[in-house]
Amino acid sequence: MESTVNPKRRWWPWLKWSLFLIVLVGVGSRGWTLWKDIKPGELRFSPAWFVAAVMCYIAGLFPSAAFWTALLRRFGAPISFARGIRAHYCGQPGKYLPGKALVLMIRSSLAAAEGVRVSTAAVTATYETLVTMSAGLVLTAMLAPWVITKELIESRRIPLTLPESEYGRWTYVVIVLAISIAGLL
């Protein structure tokens, strides 16, 4: 009896490892470029701050990872919470390469290994990215009256007028929030 091996099974591991190496080389070369631009004595490494930064990065990504996993499950995808979180975090390095499409490929392939349709994983990952970016944009717009100073606007010649009084700032925040909520509906 002759065994027929699915052709996808032969090239899929090679593709996954190739993508991993592309991400590794891309991130590594960018890091090396940034490292060369630093003048001696300008940078000091602190293991404690490094660990704190890594923990903050991981914690900051968790809401997006949980949202994406919940989206997958809402669409009936047979993925556990832990595997969804894993796929989301593993896809993150793909964001550091031009085009950022590698994120979708990494997440989709890891989700597909759990029985999720690739199209479902890709569409929900795209939607999660757009929602996350929109939330960041709304938060930035709401904080703008406190962060963007009049001096900054004048020095950069930005055609922008922001409220200067506390009442005006909070009114601006409420308006931005109301427009955002209306946009969701």
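Nothing here was measured: the structure is a model prediction, and the numbers come from that model.

Participant: Report on helix α3 (residues 81-91), specifying residues and quantitative values.
Facilitator: For α3, the full list of buried residues reads Gly84, Ile85, Ala87, His88 and Gly91. Down the axis of α3, the smallest arc covering the buried residues is 160°, so these residues share one side. Packing partners of the buried residues in α3 comprise α2 (47-74), α4 (101-112) and α5 (118-147).

Participant: Explain the side chain of threonine 69 residue by residue, including any values.
Facilitator: If you trace the backbone, threonine 69 turns up in helix α2. Judged by relative accessible area, threonine 69 falls into the buried class, the value being 0%.

Participant: For the nonpolar core, give the residues involved together with the corresponding values.
Facilitator: Trp68, Leu72, Ile79, Leu102, Ala111, Val116 and Ala121 are the most contacted members of the largest nonpolar core, which has 15 residues in total. Taken together, the elements giving at least two residues each to this core come down to α1 (7-36), α2, α4 and α5. Per-element accounting of this core gives the leading share, four residues, to α4. Excluding its chain neighbours within four sequence positions, the residues that come into contact with alanine 111 are Trp68, Ile79, Ala87, Val116 and Ala121.

Participant: So what about the packing of α3 against α4? Which residues, and what values?
Facilitator: Running from N to C, α3 and α4 cross one another at 155°; their axes reach a closest spacing of 8 Å. What the angle tells us is that α3 and α4 run roughly antiparallel. Classified by chirality, the crossing of α4 by α3 is right-handed. Contacts from Arg86, Ala87, His88, Cys90 and Gly91 of α3 reach α4 at Val103, Ile106, Arg107, Leu110 and Ala111. Grouping the amino acids of the contact of α3 with α4 by side-chain chemistry returns six nonpolar, two polar and two charged.

Participant: Lay out the packing of aromatic side chains with the relevant residues and their values.
Facilitator: Evaluation of the coordinates by the stated rule reveals five aromatic pairs. With a centroid separation of 5.5 Å and an interplanar angle of 85°, the aromatic rings of tryptophan 17 and phenylalanine 20 are classed as edge-to-face. Of this pair, tryptophan 17 and phenylalanine 20 both sit in helix α1, separated by three residues, roughly a single helical turn.

Participant: Run through the pattern of salt bridges, naming residues and quoting values.
Facilitator: Overall, the coordinates contain three salt bridges when judged by the stated rule. Arginine 83 is the salt-bridge partner of glutamate 114, the closest N and O atoms lying 3.8 Å from each other. One end of the pair, glutamate 114, is in the loop between α4 and α5; the other, arginine 83, is in helix α3, with 31 residues separating them in the sequence. When the shortest N-O distance is used, the salt bridge between arginine 107 and glutamate 128 registers 2.8 Å.

How each quantity is defined
- Residues numbered from 1 in each chain as written.
- Predicted model: local features only at pLDDT ≥ 70, side-chain atom pairs only at ≥ 80, totals over all residues.
- Heavy atoms only, no water.
- Buried < 20%, exposed > 50% of the residue type's maximum accessible area, 1.4 Å probe, protein only.
- Helix = DSSP H or I, 4+ residues; strand = E, 2+ residues; numbered from the N terminus.
- Arc of directions from axis to C-beta.
- Contact = heavy atoms within 4.5 Å.
- Core = buried A, V, L, I, M, F, W, Y, C linked by side-chain atoms within 4.5 Å.
- Axes fitted to C-alpha atoms, helices over the stretch in contact; angles between N-to-C directions.
- Parallel < 35°, antiparallel > 145°, perpendicular 65-115°, else oblique.
- Left-handed = near helix turned anticlockwise from the far one by under 90°.
- Nonpolar A, V, L, I, M, F, W, Y, C, P; charged D, E, K, R; others polar.
- Phe/Tyr/Trp six-rings, centres within 6.5 Å; stacked < 30°, edge-to-face > 60°.
- Salt bridge = Lys/Arg side-chain N within 4 Å of Asp/Glu carboxyl O.

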